[in-house]
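The chain contents come next:
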Amino acid sequence: MSERTPVNLRLGTTRFVTDSQSHIDPSALRAGSPAARAVIAVCPAGVYREVGDRVLADAAACLECGACLAVAPDLGWHYPRGGTGVTFRQG
Ligand code: SF4
């Protein structure tokens with residue numbers, strides 16, 4: 001792949017090793033709140049969704065970019081444990 005390869009194709013080479021313990025805890029967020037709307041809008045991987053009055057996270061799809069934590073500092077988020085998480089093949 002070259003520098004001109006579209007982002008979606010480059011991301012297709014990304015490897016995920018899912019941690020059995022989620023590295024995201026969105027329980028402090030309430031659906032419809034500014035923080036919930038912010039994390040849903042900013043996450044490039046579509047990790048967050050609202051279900052009823054709760055916010056749920058599909059941590060297995062996380063790209064570890066940190067954008068959600070930047071817009072919602074009260075979010076429970078840390079890097080996945082060693083050996084798990086995302087590995088980028090095409091920076
Ligand atoms: S770190 Fe990035 S990819 Fe992961 S949940 Fe937050 S915004 Fe989404």
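Residues numbered from 1 in each chain as written. Predicted model: local features only at pLDDT ≥ 70, side-chain atom pairs only at ≥ 80, totals over all residues. Heavy atoms only, no water.

Taking an unreviewed UniProt entry as the reference, the protein is identified by name as Ferredoxin like protein belonging to Serinibacter salmoneus.

**Let's talk about the overall build of the protein**
A tally of helices and strands in the protein yields 3 helices and 6 strands. Order of helices (α) and strands (β) in the protein, N terminus to C terminus: α-β-β-α-β-β-α-β-β. Expressed as a percentage of the 91 residues in the protein, the buried residues total 29%. Excluding contacts between residues fewer than 6 apart, the proportion of contacts in the protein whose partners are at least 24 apart in sequence is 58%. Per element, the accessible surface of the protein, about 5800 Å² overall, is 52% carbon and sulfur. Mean positive and mean negative side-chain charge positions of the protein (9 and 8 charges, respectively) differ by 6 Å. (Helix = DSSP H or I, 4+ residues; strand = E, 2+ residues; numbered from the N terminus. Buried < 20%, exposed > 50% of the residue type's maximum accessible area, 1.4 Å probe, protein only. Contact = heavy atoms within 4.5 Å. Areas by Shrake-Rupley, 256 points an atom, 1.4 Å probe, with all protein chains shown as cover. Lys, Arg positive; Asp, Glu negative; His and termini not counted. Charge placed at Lys NZ, Arg CZ, Asp CG, Glu CD.)

**Overview of the site of the ligand**
The local shell around the ligand holds 13 residues, among which C43, C62, C65, G66 and C68 are the closest. Classifying every residue of the shell around the ligand by side-chain character gives 11 nonpolar, 1 polar and 1 charged. (Near = heavy atom within 4 Å. Nonpolar A, V, L, I, M, F, W, Y, C, P; charged D, E, K, R; others polar.)

**A look at the pattern of salt bridges**
Inspection of the entire model under this criterion finds 1 salt bridge. As a salt-bridge pair, R81 and D19 come within 2.6 Å of each other at their nearest N and O atoms. Residue R81 is located in the loop between β5 (76–77) and β6 (85–87), and its partner D19 is located in the loop between β1 (15–17) and β2 (24–25); the two are separated by 62 residues in the primary sequence. Accessibility expressed as a relative area gives 41% for R81, which makes it partly exposed. Take D19: its relative accessible area is 13%, and that puts it in the buried class. (Salt bridge = Lys/Arg side-chain N within 4 Å of Asp/Glu carboxyl O.)

**Observations regarding unusual backbone geometry**
Despite not being glycine, E64 has its phi angle at roughly 60 degrees, a positive value. When you line up the elements, E64 lands in the loop between β4 (54–57) and α3 (67–71).

**Topic: the packing of aromatic side chains**
Counted according to the given criterion, the structure contains 1 aromatic pair. Centroid distance W77 to Y79: 5.0 Å. Interplanar angle 75 degrees. Geometry classified as edge-to-face. (Phe/Tyr/Trp six-rings, centres within 6.5 Å; stacked < 30°, edge-to-face > 60°.)

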